[in-house]
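# Breakdown of the fold
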Amino acid sequence: MGYDPKQCINSVQIRPSTHMGPMKKFKALFVHPSALMSSKVFLRLEPIGCELVAAACKAAGYDVRLLDLQIFSHKDYFRILDEWKPDAIGFSLNYLPNVPEVVDLAKETKRKMPGVFFFVGGHSASFVAKDILNHAEGAIDCVVRGEGEGVAPRVLEAAADDRKRVHELPGVVSLDGEGPHAEMVKSIDDLHPARELTSKRKSYFIGVLDPAASVEFTRGCPWDCVFCSAWTFYGRSYRKRSPESAAEEMARIKEPGVFLVDDVCFIEPEHGFAIGRELEKRNVKKEYYLETRGDVLLRNKEVFKYWRKLGLEYMFLGLEAIDDEGLKANRKRTTAGKNLEALEFTRKEGITVALNIIADPSWDKAKFAAVREWSLSVPEIVSISVNTPYPGTESWLTESREFSTRDYRLFDVQHAVMPTKMSLEEFYRELVNTQKAMTMKYMGWRAALDATSIAAKLLMRGQTNFVKMLFKFDSVYNAERQIAEHREPVKYEMSMPQRMTGKVDRSKLYIHPQELVKLQPQG
Ligand code: SF4
């Protein structure tokens, strides 16, 4: 079955828009904000969220364009405004550190084009919607909470016809009020990203998978780790795409590499097998990078072995801690022993694995040294992030320590937002040295094995993202610069959480409330 763009949204009836006369289509520009610190080094993913929402609006008859500020500059953005003159501008705001950038751009945009409708959606925006509206002082017309594909065309319709009533739509918040709960799309089968709207597609990569497209097979996560907002956003639901729909989309992808954006891949092995069989039928051959959990991997070894044959090369395992105590604190619901067993399995299968460890501000030199030593003793690629409670996570409400900053830009899991046990200077030196040791080890053994040949091959194909990444680590991860960033003036201050002791009322965390979500059993 071919793709029918009109099928793109099915939770919300698309009503014919009264403003779209034969002469002029309402024009909407969708924008992804600039890259974060880690995105400057390890990955630059295609803005799939923006592409999905843009596709829904295009299917509803709007004239749509997309600009990715990970690749293009603010100057390019304002040039498009001058030349194309959109009627509406929608920013995706999935990461807190981008809040100041988006608010500033909204203000500058409204100064230049007072009549334009400026709206914001996305993961982080959903959790701090009211704060964003307050920071923008009227420059942002509304924030869309929850999934955007269903409601975005209706937001554009309201933008054209009756802006004052936009807040009556599901999930929409404006300075005038707030609509009913966000609605979920009934099926993720019919969502197809508008890839034709992204230019310079060869700029998207993840590690050595260069270039790489992003694809979604499932949405949501049934686990409930305290530091994560993937489950709170979707009301702890988990939805699967039909194997046919997933394979149809894969068959249309031109890039040789594919990053599966699912939070936890192949929770249900039969789903993974079914997609694989559909891909084989269509003779789709790609290299894959996916993310999963160690316990899922051990439980469903056969499906991962099957995908290895299909082209699974790289995997991200959210380890988070190397001991049971750390795993328990993060409520990972698994053990260090299981994680090590999972690593043995991936080594045997020849899958290259990347791991992340969460450093806590309370760490001292000895703890960093132990993690460094461990990371050097395993062949996997290990990276380190900093424990950062943020809005939407359970730890945002339960963390008993005070925050040492209210600067959105520092909530990027690479900065310490709570007081450090060592001096801040010592903490960053240890952090950067650890990250550097981990990266050098990776580059060392990869170089000995095949990084040079991979780099040479990529250069031959004209792909320089990965090669550039190898050389710019020092300019991005730099203790002095990170310390200096703590001293920068803060223009927009984050609201601090109302602390809770005891059991957290989860219903208060959900963007898509559970009563509106059909839960599927954990695999
Ligand atoms: S960290 Fe992974 S497993 Fe845990 S809730 Fe988030 S997405 Fe799910």
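Please read these numbers as outputs of a predicted model, since none were measured by experiment.

How each quantity is defined
Residues numbered from 1 in each chain as written. Predicted model: local features only at pLDDT ≥ 70, side-chain atom pairs only at ≥ 80, totals over all residues. Heavy atoms only, no water. Near = heavy atom within 4 Å. Nonpolar A, V, L, I, M, F, W, Y, C, P; charged D, E, K, R; others polar. Phe/Tyr/Trp six-rings, centres within 6.5 Å; stacked < 30°, edge-to-face > 60°. Helix = DSSP H or I, 4+ residues; strand = E, 2+ residues; numbered from the N terminus. Buried < 20%, exposed > 50% of the residue type's maximum accessible area, 1.4 Å probe, protein only. pLDDT = per-residue confidence, 0-100. Contact = heavy atoms within 4.5 Å. Pairing = 2+ DSSP bridges. Axes fitted to C-alpha atoms, helices over the stretch in contact; angles between N-to-C directions. Domains from an automatic or database assignment. Buried area = accessible area lost by both parts, 1.4 Å probe. Salt bridge = Lys/Arg side-chain N within 4 Å of Asp/Glu carboxyl O. Core = buried A, V, L, I, M, F, W, Y, C linked by side-chain atoms within 4.5 Å. Right-handed = clockwise from strand over helix to strand, strands pointing away. Disulfide = S-S within 2.5 Å.

### A word on the site of the ligand
Surveying the vicinity of the ligand reveals the residues C221, W223, C225, F227, C228, A230, W231, D263, V264 and R293. Residues belonging to the shell around the ligand are distributed by class as follows: eight nonpolar, no polar and two charged.

### Some remarks on the packing of aromatic side chains
Following the criterion strictly, the structure yields 22 aromatic pairs and no others. The interplanar angle of 75 degrees and the centroid separation of 5.8 Å between the aromatic rings of F259 and Y289 together place this pair among those described as edge-to-face. Highlighted residues: F259 in strand β13 (residues 257–260) and Y289 in strand β14 (residues 287–292), separated in sequence by 30 residues. Note on Y289: relative accessible area 10%, which makes it buried.

### Some details on the confidence of the model for the protein chain
When pLDDT is averaged along the protein chain, the result is 86, and 85% of the positions lie at 70 or above. Below a pLDDT of 50 lies the segment residues 1–23, which in the model reaches 49 contacts outside its immediate sequence neighbourhood of four places, other chains included. Confidence estimates for the predicted assembly give a pTM of 0.89 and an ipTM of 0.99.

### A word on helix α2 (residues 74–84)
What α2 keeps buried is the set D76, Y77, F78, I80, L81 and W84. Where α2 is buried, its residues meet β1 (27–32), β3 (63–68), β4 (88–92), α3 (99–112) and β5 (117–121). With its phi angle positive at about 50 degrees, K85 sits one or two positions after the end of α2.

### Remarks on the sheet that holds β5
Strand order in the open sheet formed by seven strands is β3-β1-β4-β5-β6-β7-β8, and the pairing between neighbours is mixed. The two strands at the open ends of the sheet, each matched to only one other strand, are β3 and β8 (177–178). Here α2 sits on the sheet in contact with β1, β3, β4 and β5, set at roughly 180 degrees to β1.

### Concerning the domain arrangement of the protein chain
Along its sequence, the protein chain is carved into domain 1 (5–178), domain 2 (204–359) and domain 3 (400–500). Averaged C-alpha coordinates put domain 1 and domain 2 at centres separated by 29 Å. At the interface, 19 residues of domain 1 touch 16 residues of domain 2. Here domain 1 and domain 2 share an interface that buries about 1,400 Å² over both sides, 59% of which is from carbon and sulfur atoms. At the junction of domain 1 and domain 2, the tally comes to three salt bridges. For R239, the salt bridge goes to E147, with nearest N and O atoms at 2.3 Å. Here the side of domain 1 that touches domain 2 gets three residues from one element, more than from any other, and that element is helix α4 (residues 123–127).

### Considerations on the nonpolar core
Ranked by internal contacts, the top residues of the largest apolar core, which has 57 residues, are L260, F304 and W307. The two domains that each donate at least three residues to this core are domain 2 (204–359) and domain 3 (400–500). Other than its neighbours up to four places away in sequence, F304 contacts C265, F266, L290, T292, V296, L297, L312, M315 and F345. With 46 residues, the next largest nonpolar core counts L69, F78, M113 and I140 among its residues.

### Section: the pairing of strand β16 (residues 352–359)
Across the eight residues that make up β16, a large majority, eight, are buried. The two faces of β16 match: T352, A354, N356 and I358 on one face and V353, L355, I357 and A359 on the other face are all buried. Pairing of β16 with strand β17 (residues 381–386) involves six bridges; the strand directions are parallel. Paired with L355 across the two strands is V382, which belongs to β17. In this region the chain leaves β16, passes through helix α14 (residues 365–377) and returns to the parallel neighbour β17; the handedness of that crossover is right-handed.

### Describing the state of the cysteines
All told, the structure shown has zero disulfides when counted by the stated rule. C57 supplies the cysteine sulfur nearest to C50, a cysteine that is in no disulfide, at a spacing of 10 Å. Given a relative accessible area of 4%, C50 falls into the buried group.

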